[in-house]
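For reference, the chains in residue letters:
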Amino acid sequence: EYDEYQKKLEGYTGLFSLHPNSNSFRQNLNHGVAIFYKPAEFHLIGVIKGVFEYQVLKENNKTALKSRVHLIADLQDKLSGMVLRIASCHLFDPRD
């Protein structure tokens, strides 16, 4: 899916962070987060990719470890010089 979006968004560049529980980049391409931006308008000055984990209490009173992938991009506007920090994260995972 990421490649399909990239093709449709002419003039944009994309950043993608794959969820760590994905078995293969091609098999689970839709399981991750992306940020798209226009390089004609912004300089990419930094990227942070990561995962945070937390525990949830299940119905049987046992805990389960969940993980969420996140992606942060620092973009500098070419005209104003202003730096924007854009973040993307899946807080809800329908597979859970």
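Procedures and definitions
- Residues numbered from 1 in each chain as written.
- Predicted model: local features only at pLDDT ≥ 70, side-chain atom pairs only at ≥ 80, totals over all residues.
- Heavy atoms only, no water.
- Core = buried A, V, L, I, M, F, W, Y, C linked by side-chain atoms within 4.5 Å.
- Buried < 20%, exposed > 50% of the residue type's maximum accessible area, 1.4 Å probe, protein only.
- Helix = DSSP H or I, 4+ residues; strand = E, 2+ residues; numbered from the N terminus.
- Contact = heavy atoms within 4.5 Å.

1. Looking at the nonpolar core
Part 1 of the reasoning: In this structure, L15, V33, I35, Y37, F42, V69, L71, A73 and L75 together form the largest nonpolar core, which totals nine residues.
Part 2 of the reasoning: Of all the secondary structure elements, the ones that give two or more residues to this core are β2 (32-37) and β4 (63-77).
Part 3 of the reasoning: Tallying contributions element by element places β4 first for this core, with four residues.
Part 4 of the reasoning: Among all residues touching F42, those that are not within four sequence positions of it are Y37, L75, Q76, D77, K78 and L84.

2. Some words on the environment of V83
Part 1 of the reasoning: Its place among the elements puts V83 in strand β5 (residues 83-89).
Part 2 of the reasoning: As for V83 and L44, which are separated by 39 residues in sequence, their C-alpha atoms are 9.5 Å apart.
Part 3 of the reasoning: Not counting chain neighbours up to four residues away, the residues in contact with V83 comprise I45, D74, L75 and Q76.

Everything listed here is a matter of geometry and, on its own, says nothing about what the molecule does.
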